[in-house]
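# An overview of the molecular structure
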Amino acid sequence: MLEIAENGRTWLLSGTTSSYAVHVTEDHEFLHLHWGPLIALPDAEALAVRPLPDYRGFESPLDGREEYPVEGGPRFTRPALSVRTDERRGTEWRFEAYDTEGDLLRLRFRDAEAGLGIALHYRMRGDVLERWVTLDNQGPAPLELLRADSATWTLPDREGWRLSHLHGRWAAESRLVSAPLTYGEKVIGSRRGHTGHQHLPWVALDTDATEEHGEVYGCALGWSGSWRIAVAQLPDARVQITGGAGHDDSGLLRLAAGESYTTPVFAGLWSDQGFGGASRAWHAYQRTYVVPDAERDRPVLFNSWEATEFDISEEQQATLARRAAAIGVELFVVDDGWFGARTSDRAGLGDWRPNPDRFPGGLKPLADYVHALGMQFGIWVEPEMVNPDSELYRAHPDWVQYQTGRNRTEFRNQLVLNLARPDVQDYLWEQLDTLLSSAPIDYVKWDFNRCFTDAGWPGEGYPQRLWVDHVNALYGLLDRLRAAHPGVAFESCSGGGGRIDLGVLSRTDQVWTSDNTDPLDRLAIQHGFTQIHPARVMAAWVTDSPNTQLNGRVSSLRFRFVSAMAGVLGVGGDLAQWTEEELAEAGEWVELYKKIRPLVQHGDLYRLRPPRGGLSAVQYVRGDESVVLAWLQAQHYGEPVPALRLRGLDPTASYECLETGEIHRGAVLLHHGLRTGLRGDLDAAVLRLRRI
Ligand code: DGJ
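These figures come from a predicted structure and were not determined experimentally.

## Re the overall build of the chain
Within the chain, the regular secondary structure consists of 13 helices and 37 strands. Viewed in the frame of its principal axes, the chain has a C-alpha envelope of about 80 × 70 × 45 Å. For the chain, with 692 residues in total, the buried portion stands at 61%. Of the contacts formed within the chain by residues at least 6 apart in sequence, a portion of 68% connects residues at least 24 apart. When the accessible surface of the chain is split by element, carbon and sulfur atoms take 47% of a total near 26200 Å². Looking at charge distribution, the chain has the averaged site of its 70 positive side-chain charges lying 2 Å from that of its 96 negative ones.

Below, the structure is given as structure tokens:
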């Protein structure tokens, strides 16, 4: 709901449990008023007339109170907007007007001297407020956007703010870390050209919240290129969070006369239900407004990567497909190695035609075979890349990002295509459209396996558009392919979880969470991932034991399955090597997953205990049904394993545990807990509950 004060200068946006208010003074100062529990318009108006502090000389009364701090004038905070012309730097703006379009509020400002129009957008969806900015060069001269953040978020005065965020690296993404905020700035981001394994673009701030209680403020950026979120505790202890595309302040884009730039969305959420409540609100928002077709179940998939890597053939994939179908897999995916001269990572990227030795009749015969087995068919691609040893690179060595006279740095023997170039976009569209038309393909795993290094575009002046345009070209390609092939689902992958954000999620059906498929490490990765993103998009595979990719850890099929069943279940082990007993057991787990899938993929998630060495568990609740997935890493000294206090149940109802047949009273489960029966090391259980 949007309410506007009579003077047309105070705006209040309210969701189901939270409100957000801003105000423009007569002096054209754009002030933040409120972000937190629901308030009424008179409350916002009362806040609007509170005088600013009377600082003298060395501090600015605006700092920490402005809704979108621009550079210049009486401000010393990190600016959200920094603009340069030939003659001047900074922005002096005046409020022009506001307008609304459904639930969208647009506030328009203008810097007349610079000829810059600035429109700030607000849209409340559930309790998530989406914010973004459009910058419009309305003058005759070019403007340089040194920095153009999507939003600045202002927190209320409190003592003892704590910052939580997700950090990691390849095969170790999304690990949750929390620390008290101190004076100064904490900056996270990526200067790698993609979202990065190092941080998901999300932060949460609280003072005393727990998993299920207390106030939590969260912000998440929807951008799949380089980005930055800076959290600052200012000299008077006020806290602001500013973020947007690009990592540095040295030039994002040059706007020629008449050109405009729209920032990505920076979304914010307030919850007084602790980190769990904040996560559930983020999940509901993504399932309702962000992820395409989120109401549809994601199928159980098999992926060939860990089983066969680059050594693949049609016959061998058909053998795997038969085994996959027999255990209940619904989508069979051929990973890397099916195209061009791709027999190792040294060649073939860029040539998106089936390898004639491996697939003499193209992909159609295998796709048909997989369909005849009752499964969907999927393939792997990495369209933004090229191996120097490829037909594409030999024909177009200038299509990659490079700088004249400098090295072309190879990572994994590959270079990054310059997707800002229209001819590269045309080529990729033609290749991928042809590929998707050549065989009945239902799913595409879209990978991205190296960071930008020599990001240059000879002939183009600085600042070069390619950082921003690469991402927009990726989005454009995905949008166009989705429109032309509406039956095809897409997975975002970047060497595991290197490209996971609200931007890519708005055009993909799921993401590859991590190349780390060790079921124990995954619990921590999933614990972090679900702080912001829902299980509905969190792909997780059961692979071989001992773990072949990382650590050789030995674990039971039970532990591996229960770990992967917390998200979108997949199987990635070498089924050709699994025994009949293992295949039979796998079939039972897949069957069980299909029963709990509606809860996992569409229900409310409660993280009952974090994975910290002993017992950990998550619970999903949907209507009258609930399921608990519990893992015991190690039991020490024969100590009894604690009961799990459940959440989201009706205390006055009774619940039957479908695994044990026991009847439990809701109040008992909520206050005294459910016993899991887990013991020893690396044990796991699935416990379904149905209200009776
Ligand atoms: C990285 C991905 O994360 C893996 O799952 C696999 O697809 C490889 N790339 C293939 O090269």
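## A few points about the domain arrangement of the chain
On domain assignment, one finds that the chain holds domain 1 (63–87 + 104–155 + 163–290), domain 2 (302–600) and domain 3 (609–691). Placing the centre of domain 2 and that of domain 3 at their C-alpha centroids yields a distance of 34 Å. Taken together, the contact between domain 2 and domain 3 spans 22 residues of the former and 20 residues of the latter. Here domain 2 and domain 3 share an interface that buries about 1700 Å² over both sides, 78% of which is from carbon and sulfur atoms. Interface area lost by domain 2 to domain 3 is led by Phe559, Val562 and Leu599, which between them contribute 34%. Where domain 2 touches domain 3, the interface holds zero salt bridges. The interface formed by domain 2 and domain 3 contains two residue pairs in polar contact (both at pLDDT 80 or more). Looking at the side of domain 2 that touches domain 3, the elements with two or more residues in it are helix H10 (519–529), helix H11 (557–564) and helix H12 (580–602).

## Comments concerning the site of the ligand
Residues in close proximity to the ligand total 14 residues, the closest being Asp335, Asp336, Lys445, Asp447 and Asp515. A distance of 2.7 Å separates an oxygen atom of the ligand from a polar atom in the side chain of Lys445. The separation between a nitrogen atom of the ligand and a polar side-chain atom of Asn449 is 3.4 Å. Calculation on the ligand without its partners gives an accessible area of 290 Å², and the protein chains cover 97% of this total.

## Comments concerning the sheet that holds strand E4 (residues 30–37)
Here four strands make up an open sheet; going across it, the order is E1-E2-E3-E4 and the pairing antiparallel. Each edge of the open sheet carries a strand with a single partner, namely strand E1 (2–4) and E4. Here the strands of the sheet are splayed against their neighbours by 15 degrees on average, with no regard to which way each runs. When strand E2 (residues 10–14) meets strand E3 (residues 18–24), the two strands line up antiparallel, connected through five bridges. Residue Leu13 lies in a different strand from E3, and its bridge partner there is Tyr20. Packing against the sheet, helix H1 (residues 41–48) makes contact with E1, E2, E3 and E4, and its axis sits at approximately 140 degrees to E4.

## Side note on the pairing of strand E12 (residues 162–167)
By the bridge criterion, six bridges tie E12 to strand E13 (residues 175–180) in an arrangement that is antiparallel. Note on E13: the bridge partner recorded for Leu166 is Leu176. Strand direction decides the pairing type here: E12 and strand E15 (residues 199–206), joined by five bridges, are antiparallel. Pairing of Arg162 across the sheet is with Asp206, part of E15.

## What to know about the pairing of strand E6 (residues 94–101)
The two faces of a sheet get side chains in turn, since along a regular strand they alternate between them. Where E6 and strand E7 (residues 104–111) come together, seven bridges link them in antiparallel fashion. When the sheet's bridge partners are listed, Ala97 is paired in E7 with Arg108. Hairpin connection from E6 to E7: two residues lie between these consecutive antiparallel strands, with Gly102 at a positive phi of about 60 degrees.

## A few points about the packing of aromatic side chains
This model, assessed by the stated rule, comprises 30 aromatic pairs. Judged by centre distance (5.6 Å) and plane angle (65 degrees), the rings of Trp11 and Phe95 are edge-to-face. In this pair, Trp11 is assigned in strand E2 and Phe95 in strand E6, connecting sequence segments 84 residues apart. For the pair Trp11 and Phe95, one class covers both residues: buried. Pairing Trp11 with Tyr98 gives two aromatic rings, centres 5.6 Å apart and planes at 75 degrees, and the pair type is edge-to-face. Taken together, the positions of Trp11 in strand E2 and Tyr98 in strand E6 put the pair 87 residues apart, joining distant regions of the chain.

## A look at the nonpolar core
The biggest cluster of nonpolar side chains holds 152 residues, and the ones touching the most others in it are Trp338 and Leu629. Core analysis: the second largest hydrophobic core is formed by 25 residues, Leu166, Ala220, Leu269 and Phe275 among them.

## Here's the deal with empty space enclosed by the protein
According to the stated counting rule, one finds seven cavities of 30 Å³ or more in the structure shown. Here the largest cavity is characterised by a volume of approximately 140 Å³. Leu523, Gln526, His527, Val618 and Trp631 are the residues nearest the centre of the largest cavity, which is lined by 16 residues in total. No other element matches the four residues that strand E33 (residues 615–622) contributes to the lining of the largest cavity. Residues that form the lining of the largest cavity fall into these classes: 10 nonpolar, four polar and two charged. Each of domain 2 (302–600) and domain 3 (609–691) contributes no fewer than three residues to the lining of the largest cavity. Here the second largest cavity defines a volume of roughly 70 Å³. Along the walls of the second largest cavity sit Pro69, Thr77, Arg78, Thr152, Glu185, Ala230, Ala232, Leu234, Gln240, Ile241 and Thr242, which together make up its complete lining.

## Observations concerning the pattern of salt bridges
Counted according to the given criterion, the structure contains 45 salt bridges. Residue Lys364 pairs with Asp368 through a salt bridge whose shortest N-O separation is 2.7 Å. Taken together, the positions of Lys364 and Asp368, both in helix H5 (residues 364–372) and four residues apart, correspond to about one turn of that helix. With a shortest N-O distance of 3.7 Å, Glu625 and Arg690 are connected by a salt bridge. Linking Glu625 in strand E34 (residues 625–632) with Arg690 in strand E37 (residues 683–691), this pair joins segments that are 65 residues apart in sequence.

## Observations concerning the side chain of Ser14
Considering the arrangement of structural elements, one finds Ser14 in strand E2. A polar atom in the side chain of Ser14 sits 2.8 Å from the side chain of Ser19. Setting aside its immediate chain neighbours within four residues, Ser14 contacts Met1, Glu3, Ser19, Leu38, Ile39 and Met124.

## Focus: unusual backbone geometry
Of note, the bond from Tyr462 into Pro463 is cis; its omega dihedral lies within 30 degrees of zero at -5 degrees. Across the junction of Ser545 and Pro546, the peptide omega takes the value -5 degrees, indicating a cis bond. Phi at Ser174 takes a positive value of approximately 50 degrees, unusual for a residue other than glycine. The backbone of Arg412 shows a phi angle near 50 degrees, a positive value even though the residue is not glycine. The topology assignment puts Arg412 in the loop between helix H6 (391–395) and strand E26 (415–416).

Rules used throughout
Residues numbered from 1 in each chain as written. Predicted model: local features only at pLDDT ≥ 70, side-chain atom pairs only at ≥ 80, totals over all residues. Heavy atoms only, no water. Helix = DSSP H or I, 4+ residues; strand = E, 2+ residues; numbered from the N terminus. Buried < 20%, exposed > 50% of the residue type's maximum accessible area, 1.4 Å probe, protein only. Contact = heavy atoms within 4.5 Å. Areas by Shrake-Rupley, 256 points an atom, 1.4 Å probe, with all protein chains shown as cover. Lys, Arg positive; Asp, Glu negative; His and termini not counted. Charge placed at Lys NZ, Arg CZ, Asp CG, Glu CD. Domains from an automatic or database assignment. Buried area = accessible area lost by both parts, 1.4 Å probe. Salt bridge = Lys/Arg side-chain N within 4 Å of Asp/Glu carboxyl O. Polar contact = N/O pair within 3.5 Å; in protein donor to acceptor, adjacent residues only side chain to side chain. Near = heavy atom within 4 Å. Pairing = 2+ DSSP bridges. Axes fitted to C-alpha atoms, helices over the stretch in contact; angles between N-to-C directions. Phe/Tyr/Trp six-rings, centres within 6.5 Å; stacked < 30°, edge-to-face > 60°. Core = buried A, V, L, I, M, F, W, Y, C linked by side-chain atoms within 4.5 Å. 1 Å grid on protein atoms, 1.4 Å probe; cavity = no way out; pocket = protein on both sides within 12 Å on 5 of 7 lines; lining within 4 Å. Points joined across faces, edges and corners; volume = space filled by probe spheres on them. Nonpolar A, V, L, I, M, F, W, Y, C, P; charged D, E, K, R; others polar.

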